[in-house]
Amino acid sequence: SSDEMGELWLQMLCRPADRAGLQLAVDEHIRQRILESEQMAVRLNPTNATARARLGLAWLTAGNRAEASSHFREALRLDPRQVSAQFNLGVIAMMEQRVDEARRHLGTALEIDPTHVLAHGNMGILLASQGDLPGAEKHFVAALRQSPSDPLAIEMLDKVRQAMKAGPVTGR
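Residues numbered from 1 in each chain as written. Predicted model: local features only at pLDDT ≥ 70, side-chain atom pairs only at ≥ 80, totals over all residues. Heavy atoms only, no water.

### Focus: the side chain of Asn 122
To keep it simple, the criterion reads: A run of H or I in DSSP becomes a helix once it reaches four residues, and a run of E becomes a strand once it reaches two; helices and strands are each numbered from the N terminus. Identification of polar contacts relies on pairs of N or O atoms within 3.5 Å, with a donor-acceptor requirement for protein atoms, meaning one able to donate a hydrogen and the other able to accept it, and with residues adjacent in sequence counted only if both atoms are side-chain atoms. Every residue pair with non-hydrogen atoms within 4.5 Å of one another is taken to be in contact.
Topologically, Asn 122 is positioned in helix 7 (residues 117-129). Polar contacts involving the side chain of Asn 122 include one to the main-chain carbonyl oxygen of Leu 118, which spans 2.8 Å. Setting aside chain neighbours within four positions, we find Asn 122 in contact with Phe 87, Val 91, Met 94 and Leu 106.

Spelled out as structure tokens, the structure:
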């Protein structure tokens, strides 16, 4: 009967492994619907830089950096001041260890929007990884000025300041 099927379904949902699998399927379905929606927006208005950047973000969320980069670059061709495209190209460059390109895109995003919290945070991480602790500190402070309770910025600023107090690491 349908009541027995409903009961079986509820029992399955109670098992953590089944809930996790179901959540993954739901998340994938949502990502796919968002991607389709953003593709439709671009088809309806192919010269809209914001629509292109949103489609790039949908592709990035889906894990396709190459397709995402293509749409971010097109968004920048349409509007060089499209901050989301600049920022996300910087993030992709960081993921792919292309430091100079990441720095360029994040820097441009910050020129366009000096209050961009995520750009400051990512620039701080990038600079810290390159050993530029004062530069990293500046960006984490700027991120916290905009978002004072950001836990990652708080943690990273603390680590950078500890490293600066410890001084340079020297060999024998």
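### Let's talk about helix 6 (residues 99-112)
Note: α-helices contain 3.6 residues per turn, so residues at a spacing of three or four share the same orientation. Applicable threshold: A helix is expected to reach a length of 1.5 Å times the quantity of its residues less one. Using a 1.4 Å probe on the protein chains alone, a residue whose accessible area is under 20% of its type maximum counts as buried, one over 50% counts as exposed, and one in between counts as partly exposed.
Compared with the 20 Å implied by 1.5 Å per residue over 14 residues, the 20 Å span of helix 6 between its first and last C-alpha is a close match. Among the residues of helix 6, those classed as buried are Glu 101, Ala 102, His 105, Leu 106, Gly 107, Ala 109, Leu 110 and Ile 112. In the core, the buried residues of helix 6 are packed alongside helix 4 (65-78), helix 5 (83-95), helix 7 and helix 8 (133-146).

### Here we look at the nonpolar core
Our working definition: Put simply, a nonpolar core is a bunch of buried Ala, Val, Leu, Ile, Met, Phe, Trp, Tyr and Cys residues held in one set by side-chain atoms that sit within 4.5 Å of each other.
Within the largest apolar cluster, 21 residues are counted, with the highest numbers of intra-cluster contacts made by Phe 87, Leu 106, Met 123, Leu 126 and Phe 140. Considering every element that reaches this core, the biggest residue donor is helix 8, with five residues. With residues up to four places along the chain from it excluded, the contact list for Met 123 reads Arg 103, Leu 106, Gly 107, Leu 110 and His 139. Judged by nonpolar contacts, the second largest core, of 16 residues, contains Leu 35, Ala 49, Ala 51 and Ala 53.

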